[in-house]
Amino acid sequence: MHKLTELIRQDMKPALGVTEPGAIAFAVSTARNHTSGPVEKIILHLNSGMYKNAFTCGIPGSSQVGNEYAAALGWIGADPDKGLECLEGITPDQEQQARKMIHEGRVEVIMSEITSRILIKAEAITTQNRAVVTIRDAHTHIVEITENGKVIFENFQNTAVRPDSESDEENLNSKSDQPLQDFSIHDYTLEDLYTYVSTVDPEEISFLNEAFEMNYALAMAGLESEKTTFSRYLLAQNGNQIISEDEQKTAALLCGAAIEARVLGLPQPAMSVTGSGAHGIIATMPLFAAAKVSGYNDETLLRATALSDLICIYIKEYSGKLSAFCGCAIAAGTGMACGLVLLHGGGLIQMKQTINNMASSITGMICDGGNQGCTMKGVMAVDAAWRAAKMALQGIYVFDVHGINGTTPEKTMYNMGKIASPGMIGTEKTIMDILNQKQKEKESRNA
């Protein structure tokens, strides 16, 4: 199996709801399994991206949102053996228990650092003992577990920097925001990626069909739910057809409905890419929609989707998994746009030009958490990708000399990532200031 095939396989994971609440619940439920007795306090330390993404995000199977409820439900009913799907099967009674925990002040959430590197430190204190679970760099990558201050599990070998040896400044300027691998996707050029997707045995990447099936089912859940609003609008825009004769409108519908279902916490999983369900949706659903509308064959769709995933990963390896820019639209959207070029019969030159068009348009779109705005950003990503690809296929593109475009597509993608990290660290702090002020105003109203 090709290394790039294995990279995609390892990267793609089912996630129930927005990934960050699932990761928080996973950490807390793991800590619970290392304690005994009634809970007295859960203290949660989160990096800014983790804190922000779960701030007003829907919790699967619950009518509640946010970090506190993700933690409380993690303690009450999550199954850590299910990973990012650990909140599956939450009951109304468990939701009531979680509400009681929060109202009694048993859950404390602290934003610990402004960084795009994932950090969750879940401390569970009970009447009998105390356990701490630390996650770094990937949503379920546990690096340390302690019981009563004694380390019982440690695994820092796949972590870029040991948490106990870094300062905030080192963290913000770290070259690698991801777990280390035995190879880097940045060892490859766009031409290498294009050669791979053009020549790989389609059977080797047939597992991508799982992403189509899972994300399409999520989109259907969004269309059937009474909670959604964007989905119904997009359906009307598509002539009240799920699959119309318009590629772009069908893509916006399937993409938007799946993302809206996800951020509202509907109890169906998404197939994530780079640890994000929205990334996985944007990287796959628009291409799936285009194939359904225009009849592109299954093999071409698989190849286009593999390219989409890899370019998304390529940009995210530079930007960090949780940064101040919207990786869903920028990284996954750029990957999807290149996949669209492949579906439409374009080649390497048009893909490079498409990357330039995307870099010069939506780079800089902010991420203010996993929330309803993600749906709008997904629709914007579809619109930008279709225009970027169609223009490039007509030889219309932003020249290399302009803006953040580089002389090669690799340099352009590097520059896109660096806009996020370290470029938008100040933006991240400003977003956090706004969210913290909103939290204070909410607490003041409820006092």
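Residues numbered from 1 in each chain as written. Predicted model: local features only at pLDDT ≥ 70, side-chain atom pairs only at ≥ 80, totals over all residues. Heavy atoms only, no water.

Student: What should I look at first to understand the sheet that holds strand S7 (residues 150–154) in this one?
Tutor: Backbone hydrogen bonds hold the strands of a sheet together, and the pairing may be parallel or antiparallel. The six strands are arranged S3-S2-S4-S5-S6-S7 in an open sheet whose pairing can be described as mixed. With partners counted over all chains shown, the strands left at the sheet margins are strand S3 (107–113) and S7, one partner each. Here the strands of the sheet are splayed against their neighbours by 15° on average, with no regard to which way each runs. By the bridge criterion, five bridges tie strand S5 (residues 130–136) to strand S6 (residues 142–147) in an arrangement that is antiparallel. Paired with Ala131 across the bridge in S6 is Glu147. Packed on one face of the sheet, helix H4 (residues 67–77) meets strand S2 (39–47), S3 and strand S4 (119–126) and runs near 130° to S2. (Pairing = 2+ DSSP bridges. Helix = DSSP H or I, 4+ residues; strand = E, 2+ residues; numbered from the N terminus. Axes fitted to C-alpha atoms, helices over the stretch in contact; angles between N-to-C directions. Contact = heavy atoms within 4.5 Å.)

Student: Looking at this structure, how should I read the pairing of S6?
Tutor: The side chains of a regular strand alternate, first on one face of the sheet and then on the other. Between S5 and S6, which pair antiparallel and follow one another directly, the connecting turn spans five residues, one of which, Asp137, has a positive phi of 75°. By the bridge criterion, four bridges tie S6 to S7 in an arrangement that is antiparallel. Among the inter-strand pairings, Glu144 is bridged to a residue of S7, identified as Glu154.

Student: Honestly, empty space enclosed by the protein in this entry has me stumped. Any pointers?
Tutor: In this approach a probe as big as a water molecule rolls over the atoms, and the regions it shows empty are the leftover space. The tally for this structure, following the rule as stated, stands at two cavities of 30 Å³ or more. Estimated volume of the largest cavity: approximately 250 Å³. Taken together, 26 residues make up the lining of the largest cavity; nearest its centre are Asn53, Ser276, His279, Cys328 and Cys367. Elements that contribute at least two residues to the lining of the largest cavity include exactly helix H3 (48–53), helix H11 (277–294), helix H13 (327–343) and helix H15 (373–393). (1 Å grid on protein atoms, 1.4 Å probe; cavity = no way out; pocket = protein on both sides within 12 Å on 5 of 7 lines; lining within 4 Å. Points joined across faces, edges and corners; volume = space filled by probe spheres on them.)

Student: Quick question: what am I supposed to make of the side chain of Arg262 here?
Tutor: If you trace the backbone, Arg262 turns up in helix H10 (residues 247–263). Filtering out sequence-adjacent residues up to four positions away, Arg262 remains in contact with Gly17, Val18, Thr19, Leu218, Ala270, Ser276, Gly277, Ala278 and Ile281.

Student: In this structure, what is going on with the confidence of the model for the protein chain? I would like to understand it.
Tutor: Averaged over the protein chain, the pLDDT score is 91; the fraction of residues at 70 or greater is 94%. Low pLDDT, under 50, characterises residues 160–181; the stretch is placed with 46 contacts to residues that sit more than four places away or in other chains. (pLDDT = per-residue confidence, 0-100.)

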